[in-house]
Amino acid sequence: MHIVVCVKQVPNTTQVRINPETNTLIRDGVESIMNPFDENALEMALQLKEKHPGTKVTVVTMGPPQAVDILKEAVGRGADAVVLLSDRAFAGSDTWATSYALSTAIGKLEKPDLVLFGKQAIDGDTAQVGPGVAVWLGMPCITYARAIEIADGEATVERLYEDGYEKLAVSLPCALTVLKEANVPRMASLRGKMAAKKLVIEPMTAEMSGADPAKLGLNASPTRVVKIFSPPPKAGGVKWQGEEPEVMAQRLVDLLRERKLV
Amino acid sequence: MAELNYGLSELALEIRSMVREFAEARVKPVRAELDEKGIFPTEILRELGKMDLMGLYIPVEYGGTFEGDSMPNLIAVEELSRVCIGVSVSFAANGLGADPILIGASDEQKKKYLPPLASGEKWAAYALTEPNAGSDAGAIRTTAVKKGDKYILNGTKQWITNGGEADIYTVFAVTDKNRGARGVSAFIVEKGTPGFRFGKKEDKMGIRASATRELIFEDCEVPAENLIGREGTGFIWAMKTFDVSRPGIAAQGVGLAQGALDEAVAYAKVREQFGRPIIANQGLSWLLADMATKVESARALTYAVVQSIDRGVKDYSKFSAMCKVYASDVAMQVTTDAVQVLGGYGFMREYPVEKMMRDAKILQIYEGTNQIQRDIIGLALNKEYAAAAKK
Ligand SMILES: Cc1cc2nc3c(=O)[nH]c(=O)nc-3n(C[C@H](O)[C@H](O)[C@H](O)COP(=O)(O)OP(=O)(O)OC[C@H]3O[C@@H](n4cnc5c(N)ncnc54)[C@H](O)[C@@H]3O)c2cc1C
Ligand SMILES: Cc1cc2nc3c(=O)[nH]c(=O)nc-3n(C[C@H](O)[C@H](O)[C@H](O)COP(=O)(O)OP(=O)(O)OC[C@H]3O[C@@H](n4cnc5c(N)ncnc54)[C@H](O)[C@@H]3O)c2cc1C
């Protein structure tokens, strides 16, 4: 099996500050790390590799040259191969252009059976790149995955909701976006770290990826950021418990009537 | 933080940062629960194995990463101990169990038993102590009688760290009753060998995450090829093991004392009485100064002993005993003082120094009590000065 994991380098803060004038992220002075959800995606791949001997895990990132740091971290944990997609032509890409660029890079690799993404990046937060790449690659995509099992060319995936989960069967190849709940990411091993230190990573340029230059970078990005703001927190809701079911059901019906919902 | 330059290798520094991060992330959040409920740190050891950290003391040709530098393993023990010595002893007891194999076993035995220990797939334990043979280890009564191509073991071992959890046990037994310590032999006994079972698991004052258990041998048949070295060499392997393993106990002391110092200073900076942080009182800051000085002295001595062993110093029993006795006494003093610095809060289970003080006590007892260490040092002095007088 060949598993591709897409990882993004992000600033180390869950509280990304936004410059209110330019509507862009303030990245200065913040340490860069692997996007936390991508760690879960990588861990899922590495666990599958342990369960299915012969599996190869390739980690792909698009970013500036210093993004090699997260690729080395991935090798330290057990990734077999890495791709750094890096070129000025990619600069300013939005989710559409990023998805396209990543899909061309993946297209240059041995055909994957599984392409994994984090649920979302903690800086951009759109959660669009995973599904976007899946569309470019023509693969089904399951978002919010917390567990996967693979047998006979088919994957069984648990997709988590706030109030439960779905168990879905999907044929391979497919794409998943992975949740924190999926696993606890491992730490790099000593031998992995040693291998990572010796690694020389030649970036894959736009030309090497074979991407259409007209679909890359700021100019090809349809997104225009008009305004960035924090949404109001979701209200807590009400919970009734401990009473007779009939009493609670009646209360629910009353409330729905009161709000003119039934 | 300012630190001394001990000339550590790149590997040792790498191990220090890896294990420090690991201990903070994986051990610290669970240490109070492991302690309270006496839970063995299975997951933690498994993960250390996956990170290639269980074979730091095992030579490369047997699957480990050891190439002559003993500091990485020592520092791994120190860093785990900074957070929990219940966990660090469970880690280090593998080395204690493996040492007689490393020191005395044949190449064939090493090839069979060391690689799975290096990968962390299997764990080891060292079984010398018996109910009637503690400090006087030469008085053990477990017997091994040769019968064909087997030895038949009978007897009981007591307080064996990793007992029940380990897969590979180095067991010391008497093969010749008439020769005292020279009649002791060492055997490799695998878990699951018929006639080998586990008895009582101890409920302890400290290091409660570690497993301390009885081993019972009843007509236990061990293949003759599992004898380490020749018959009658067991006591030599047992004592040589202690010479190399005692600095590991010292490293536990250094790490534990450092952990307690960290807690004490951090607390003294934020706790306010009489309108100022308590660290602003000279009476308290001098206590902290003495604690810090002891921790660094213990570290310097311990590192110097291990680095000297690596550099080929031959006669080091005395020095191994010195670092063990000194660092464990320092750990007891510093953890006790740390409780004092935290006052009533230090006495409460909610704060980690209470556990640290309970844990420290064992370091003065196991792998030879501190009285026995002082005996070793005293005997060596007597001998060395007698030799010097003759010249
Ligand atoms: C509203 C908005 C504001 C933006 N602001 C800025 C800005 O201030 N500065 C700036 O430089 N860019 C900005 N961008 C661009 C944005 O950083 C990229 O589009 C980004 O690569 C993908 O968006 P995301 O961070 O939301 O990722 P998501 O879609 O949330 O990421 C989901 C998953 O896709 C994968 N993935 C995402 N990006 C990559 C990648 N580069 N390489 C490999 N895998 C990846 C990861 O697995 C990740 O977990 C902005 C985009 C938008 C839509
Ligand atoms: C938690 C724990 C884990 C252990 N793990 C292991 C293990 O993995 N493997 C193993 O083989 N053993 C293990 N032991 C045993 C340990 O090494 C012994 O407890 C230790 O050697 C002391 O023996 P003892 O307890 O019988 O004390 P004793 O020998 O009975 O000593 C009692 C007291 O008398 C003092 N004393 C004895 N002789 C002298 C002397 N000649 N001069 C001055 N004072 C003396 C001692 O210092 C001590 O203070 C463990 C013990 C504990 C508590």
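What counts and what doesn't
- Residues numbered from 1 in each chain as written.
- Chains lettered and ligands numbered in written order.
- Predicted model: local features only at pLDDT ≥ 70, side-chain atom pairs only at ≥ 80, totals over all residues.
- Heavy atoms only, no water.
- Near = heavy atom within 4 Å.
- Polar contact = N/O pair within 3.5 Å; in protein donor to acceptor, adjacent residues only side chain to side chain.
- Areas by Shrake-Rupley, 256 points an atom, 1.4 Å probe, with all protein chains shown as cover.
- Helix = DSSP H or I, 4+ residues; strand = E, 2+ residues; numbered from the N terminus.
- Nonpolar A, V, L, I, M, F, W, Y, C, P; charged D, E, K, R; others polar.
- Core = buried A, V, L, I, M, F, W, Y, C linked by side-chain atoms within 4.5 Å.
- Buried < 20%, exposed > 50% of the residue type's maximum accessible area, 1.4 Å probe, protein only.
- Contact = heavy atoms within 4.5 Å.
- Patch = residues over 30% accessible without salt bridge, like charges linked within 9 Å, V, L, I, M, F, W, Y side chains within 5 Å.
- Salt bridge = Lys/Arg side-chain N within 4 Å of Asp/Glu carboxyl O.
- Expected span 1.5 Å × (residues − 1).
- pLDDT = per-residue confidence, 0-100.
- Pairing = 2+ DSSP bridges.
- Axes fitted to C-alpha atoms, helices over the stretch in contact; angles between N-to-C directions.
- Phe/Tyr/Trp six-rings, centres within 6.5 Å; stacked < 30°, edge-to-face > 60°.
- Lys NZ or Arg CZ within 6 Å of the ring centre and 35° of its normal.
- 1 Å grid on protein atoms, 1.4 Å probe; cavity = no way out; pocket = protein on both sides within 12 Å on 5 of 7 lines; lining within 4 Å.
- Points joined across faces, edges and corners; volume = space filled by probe spheres on them.

Would you mind going over the site of ligand 2 with me for this structure?
All names here are of chain B. Among the 19 residues in the neighbourhood of ligand 2, the closest are listed as T129, S135, T161, T369 and Q371. Between T129 and ligand 2, the recorded distance is 2.6 Å, taken from a side-chain N or O atom to a nitrogen atom. For ligand 2, whose free accessible area comes to 960 Å², the fraction covered by protein is 65%. Looking at the shell around ligand 2, the elements that each hand over two or more residues are β3 (150-161) and α11 (370-390). Its residues placed into classes, the shell around ligand 2 shows 9 nonpolar, 7 polar and 3 charged.

So what exactly am I meant to see when it comes to the nonpolar core here?
Inside soluble globular proteins, nonpolar side chains tend to come together where they are buried. Residues V27, L48, L153 and V189 of chain B are the most contacted members of the largest nonpolar core, which totals 55 residues. Residues contacting L48 of chain B, with those up to four places away along its chain left out, are F22, L53, M54, L80 and F91 of chain B.

I tried to follow a nonpolar patch on the surface on my own but got confused; where do I start?
A contiguous nonpolar patch, built from I18, V225 and I228 of chain A and spanning about 220 Å² of accessible area, is present on the exposed surface. In this structure, I228 of chain A sits in the loop between α6 (206-209) and α7 (245-258).

Help me out: how do you make sense of α7 of chain A in this one?
What sets the pattern is the α-helix's 3.6 residues per turn: residues three or four places apart point alike. Across its 14 residues, α7 of chain A extends 20 Å between first and last C-alpha, which sits within 8% of the 20 Å expected from 1.5 Å per residue. A positive backbone phi angle near 60 degrees is found at K260 of chain A, which sits one or two residues after α7 of chain A.

Which parts of the structure should I look at to understand the confidence of the model for chain B?
Any region with low pLDDT has predicted coordinates that should not be read closely. Per-residue pLDDT for chain B has a mean of 97; in total, 100% of the residues score no lower than 70. Overall fold confidence for the complex sits at a pTM of 0.90, while the interface term, ipTM, reaches 0.90.

Is there a simple way to think about the site of ligand 1 in this case?
Residue and element names in this part refer to chain A. As a matter of local geometry, ligand 1 sits amid 29 residues, with C6, K8, D38, T126 and A127 nearest to it. One nitrogen or oxygen atom from the main chain of A127 is found 2.7 Å from an oxygen atom belonging to ligand 1. Protein chains bury 84% of the 920 Å² of accessible surface belonging to ligand 1 in isolation. Counting residues per element, the ones that place at least two in the shell around ligand 1 are β4 (24-25), β6 (56-62), α3 (95-107), β8 (114-118) and α4 (129-137).

Looking at this model, I keep getting lost on the sheet that holds β6 of chain A. Mind explaining?
Strand-to-strand pairing in sheets goes through backbone hydrogen bonds, with the strands running parallel or antiparallel. All names here are of chain A. Strands sit in the order β7-β6-β1-β8-β12-β9-β10-β11 across an open sheet of 8 strands; the sheet is mixed. Where the open sheet ends on each side, the last strands, each with one partner, are β7 (81-85) and β11 (164-171). Each strand axis lies, on average, 30 degrees off the axis of its neighbour in the sheet, ignoring direction. Sheet contacts for helix α1 (residues 36-51): β1 (2-6), β6, β8, β9 (141-151) and β12 (174-178); angle to β8, the most-contacted strand, approximately 150 degrees.

Sorry if this is basic, but what is going on with the packing of aromatic side chains here?
Each aromatic ring pair is characterised by the separation of its centres together with the angle its planes make. Counted by the stated rule, this structure contains 14 aromatic pairs over all chains. Ring centres of Y345 of chain B and Y351 of chain B lie 5.6 Å apart, and the angle between their planes is 65 degrees; this geometry places the pair in the edge-to-face category. Given a relative accessible area of 28%, Y351 of chain B falls into the partly exposed group. Taken together, Y169, F196, F198 and F217 of chain B form an aromatic cluster joined through their ring pairs. Across from the ring centre of Y165 of chain A, 4.3 Å away, lies the NZ or CZ of R146 of chain A, which sits over that ring. One cation-aromatic arrangement involves K180 of chain A over F37 of chain A; the distance from NZ or CZ to the ring centre is 4.9 Å.

Sorry if this is basic, but what is going on with empty space enclosed by the protein here?
One water molecule sets the probe size; rolling that probe over the atoms shows where empty space is left. Residues and elements named next belong to chain B. Tallied over the full model, the rule gives 1 cavity of 30 Å³ or more. Reported here for the largest cavity is a volume of approximately 40 Å³. What lines the largest cavity is R31, S81, V83, C84, I85, L256, P352, K355, M356 and D359. For the lining of the largest cavity, the secondary structure elements donating two or more residues are α4 (71-83) and α10 (352-360). Looking at the lining of the largest cavity, the element that brings in the most residues is α10, giving 4 residues. In the lining of the largest cavity, the residues fall into 6 nonpolar, 1 polar and 3 charged.

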